[in-house]
Amino acid sequence: VGSGSSVSLSRQVQDTGGSSAVSKCSTAARGYIQDRFLRLLAGRQRRRAPLIHRGYYIRARAVDHCVQDFLLKTQSLPRTQILSLGAGFDSLYFRLKDMGFLHHTVVYEVDFPDVACQKAAQIKRMKELSALVGDTEGEGLGAISFSGKDYKLVGVDLSELSELERTLEEAGLDNEIPTLFIAEVVLTYMENTRSDALIQWAAEHFPRACFLLYEQVHPEDPFGRVMQQHFRQLSSALRSLEQYPDCEAQQRRFLARGWTECSVMDMNGFFTCCIPEDEQQRVQTLEPFDEYEEWHLKCSHYFVLTASKGMEPAWTPLLPSVTVPRHAGPVGMAGSVPAAVCTRLSEIPGLRRYGHHSVLVKPNVILTTGGFGEEDGQHCRMRNFHVLSKHAGYWKAACVTQKTPDERWGERLYHTVSCLSDTLALVVGGRTSPSSAGLGMLWLKFPKTCNASEPGDIAVELVNLQPAAEPSALRWRHSTTEVTFKGEQYLFVYGGRSALEPVLGDWYFLHTRELCHTVLAVEGPVPESRHSHSACSWEGGVLIAGGLGAAEQPLGSVFLLRELEHGFQWQRIETHPPLVPRYSHTAHVHEGKLLLIGGVWFHAASVPGITVIDLMNGLCLDYVIDVEHLEWPLMLHNHSSVFLPNEKELLVLGGGGNCFSFGTHLNPEPVSLSLSSILTSH
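Computed from a predicted model, the values in this text were never measured in an experiment. (Residues numbered from 1 in each chain as written. Predicted model: local features only at pLDDT ≥ 70, side-chain atom pairs only at ≥ 80, totals over all residues. Heavy atoms only, no water.)

(A) Molecular detail of empty space enclosed by the protein. Taken as a whole and assessed by the stated rule, the structure comprises one cavity of 30 Å³ or more. Taken as a whole, the largest cavity encloses approximately 30 Å³ of empty space. Going through the elements one at a time, helix H12 (267–274) and helix H14 (292–300) are the ones with two or more residues in the lining of the largest cavity. Of the residues contributing to the lining of the largest cavity, the split by class is four nonpolar, four polar and no charged. (1 Å grid on protein atoms, 1.4 Å probe; cavity = no way out; pocket = protein on both sides within 12 Å on 5 of 7 lines; lining within 4 Å. Points joined across faces, edges and corners; volume = space filled by probe spheres on them. Helix = DSSP H or I, 4+ residues; strand = E, 2+ residues; numbered from the N terminus. Nonpolar A, V, L, I, M, F, W, Y, C, P; charged D, E, K, R; others polar.)

In structure tokens:
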């Protein structure tokens, strides 16, 4: 942000601070964090979305966890100090003072001079704030905007190190006592040479010191690219990322600059390991929520780092309070699969959507329904259907209106569609908003000749279910798969979630002809409850893989439900190496191999590509998707996919979502993956 840069850049960075203060304020108002001081400091108030609340909750929680640990470990010492760099309108001092944590600690806050002046004025205006600081002394002297006995607010540009040092010395900062430095999404806006110099200065000038850093990571994967683009558009680029793209690089950065201990954790790790289970559950139930993918992707793109030197005993706030099984990432990539854009489909905005469903209604003809996406230049829940068909090697698409454009369709997301004949499909479940009840079942009737050139009309009809079968349809993020028992066809509805239950583990067998609920005996180990899993028909039974489990943790288990003489049996399929836990992927079976496409996992170093599981021996191979020929980030979650066995071609339709506060990313056009190289019989 240094002296050579324009004043306008510091203004852009300040704007990100203002926006984050409003988000923190909204997070507190909804009960995620206890902080009555934020609204006094932030000024304006606006309600943010649940995804934003969770993101700011985890940020506040990580900072508080480390700060309180520092104060606890040093409470027997006569004096300590905290230096918050780029503090903005943060309320840390007021909360700590209110909780009685500052008996022998002085808090110094540094920000741009005009931010410090605004904050000082706000504190003076608000009785509740000025009363906590108590008597003020010597303020308005040079760069010191506000000065109390245990609180100093300093206005200086962080990238001007010599000026920073001089001003802090003037304000009373003492190099000899234990000091905690806090940089919460601050250093990344500075040129690396300047932020590195600041990290080194802190280590060299303070014999007993701790450093707490919270910022972004993983710039090059699809979510990272959307994130970077967002900050570039705000003219406040994230500068640390190129040189320090992952947690290991950040750790090396500190160890090379005079810090002796350093640990780092992404926010998925922090939420799982450092937040007690009852608190996790409290947060997960505060608001209706259904954006798990974006929440976990946001968490894998932010980290908390703690470094220390000269502290006895060592400062290690990031030691997990619970032991969590560490899931290794993929062992290595077995090869790559090329991705190519379906050129003739790029003009059809209706194919940009997520939470939809696509089904092969006959060879080379696909029906896509529902989801959230782009229609007439607006983002909305999708009412129109799309038919895609392949002619002479090229895909073509057409938008289809419903013959009965009424409320029956209900603009649903996360439903399933099962094709029962060349003129009939069954829609099961889905939702409008996450607080809505499930949406029941519908018949979709279409002409035999249906294709993209002559789609014809699609009629939507309500299914009248018997009471016993009704709960099978009041769910979303579930699976519906065809199974066979004694020569009869059934639909097997499994798992998902509902407005009341965050995760379901039950199942229903619906006789295909009458859709009546049939009780069939099922034995064997029952799979853990899950939603956003995959399910494929195989040899008359069902293969269930992955999913998101009860504590919002991805699952790595694979189960086969197979037909027996008197019913069915669950059987666990052991994979070697173990399948990396994931959810929100799609799946297909081809010649005894289970293919898993995309999804979300916690292994942040890479994104899921294609995993091939050999069902004969459990061998599990991971392939990376080569996106070299795509000009945009390919997000493989909340997508749909259709496999064409003859061509060994996989068509990926839609996918993406709301990328935290960085905007909505929808894959702009369908993508074809050629699987012939990985499916050739060896």
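Having put the structure on the table, let's press on.
(B) Up close: the sheet that holds strand E25 (residues 521–523). Taken together, five strands build an open sheet; the order of strands is E25-E29-E28-E27-E26 and the sheet is mixed. The sheet terminates laterally at E25 and strand E26 (534–538), the two strands that pair on one side only. Strand-to-strand, the axes of this sheet are offset by a mean angle of 20°, without reference to chain direction. Here strand E27 (residues 541–545) runs beside strand E28 (residues 558–563); their pairing, made up of four bridges, is antiparallel. Its bridge partner being in E28, Leu543 is matched across the sheet by Leu560. (Pairing = 2+ DSSP bridges. Axes fitted to C-alpha atoms, helices over the stretch in contact; angles between N-to-C directions.)

(C) Structural view of the domain arrangement of the protein chain. Per the domain assignment, the segments of the protein chain are domain 1 (53–309) and domain 2 (333–674). Summarising the inter-unit geometry, the C-alpha centres of domain 1 and domain 2 are found 42 Å apart. Area buried by domain 1 at its contact with domain 2 is led by Asp290, Tyr292 and Glu293, which between them contribute 24% of it. Our count for the contact surface shared by domain 1 and domain 2 stands at five salt bridges. Its salt-bridge partner being Glu293, residue Arg477 comes within 2.8 Å of it at the nearest N-O pair. The tally of links between domain 1 and domain 2 comes to 15 residue pairs in polar contact (both at pLDDT 80 or more). For the side of domain 1 that touches domain 2, the leading source of residues is H14, giving eight residues. Looking at the side of domain 1 that touches domain 2 residue by residue, the classes come out as twelve nonpolar, eight polar and nine charged. (Domains from an automatic or database assignment. Buried area = accessible area lost by both parts, 1.4 Å probe. Salt bridge = Lys/Arg side-chain N within 4 Å of Asp/Glu carboxyl O. Polar contact = N/O pair within 3.5 Å; in protein donor to acceptor, adjacent residues only side chain to side chain.)

(D) Geometry of the sheet that holds strand E11 (residues 357–362). The sheet built from four strands is open, its strands ordered E11-E12-E15-E16 with antiparallel pairing. With one partner strand each, in any of the chains shown, E11 and strand E16 (394–400) form the two edges of the open sheet. Taking the axes of each pair of neighbouring strands and ignoring which way they run, one obtains an average angle of 25° across the sheet. Two elements, strand E12 (residues 365–369) and strand E15 (residues 385–391), share four bridges in a ladder whose sense is antiparallel.

(E) Local environment of the packing of helix H3 (residues 50–73) against H14. Direction vectors running N to C along H3 and H14 enclose 30°, while the axes themselves pass 10 Å from each other. The angle between H3 and H14 places the two elements in the roughly parallel class. Pair H3 / H14 crosses with right-handed handedness. Two secondary-structure elements touch here, H3 through Leu51, Arg54, Gly55 and Ile58 and H14 through Glu294, Trp295, Lys298 and Cys299. Per-class residue counts for the contact of H3 with H14 are four nonpolar, one polar and three charged. (Parallel < 35°, antiparallel > 145°, perpendicular 65-115°, else oblique. Left-handed = near helix turned anticlockwise from the far one by under 90°. Contact = heavy atoms within 4.5 Å.)

(F) Broad picture of the nonpolar core. With 79 residues, the main nonpolar core has Ile58, Val67, Phe94, Phe270 and Val304 as its most contacted residues. Among the elements that take part in this core, H3 stands out by supplying twelve residues, more than any other. Residue assignment places this core across two domains, with domain 1 (53–309) and domain 2 (333–674) each supplying three or more. Not counting residues within four places of it along the chain, the set of residues in contact with Phe94 comprises Phe37, Leu41, Ile123, Leu129, Leu132, Val133 and Tyr151. Judged by nonpolar contacts, the second largest core, of 34 residues, contains Leu158, Leu173, Phe254 and Ala307. (Core = buried A, V, L, I, M, F, W, Y, C linked by side-chain atoms within 4.5 Å. Buried < 20%, exposed > 50% of the residue type's maximum accessible area, 1.4 Å probe, protein only.)

(G) Looking closely at helix H8 (residues 192–205). An ideal rise of 1.5 Å per residue puts 20 Å on 14 residues; H8 measures up with 20 Å between its terminal C-alpha atoms. Restricting attention to buried positions, one finds in H8 the residues Asn192, Ser195, Asp196, Leu198, Ile199, Trp201, Ala202 and Ala203. (Expected span 1.5 Å × (residues − 1).)

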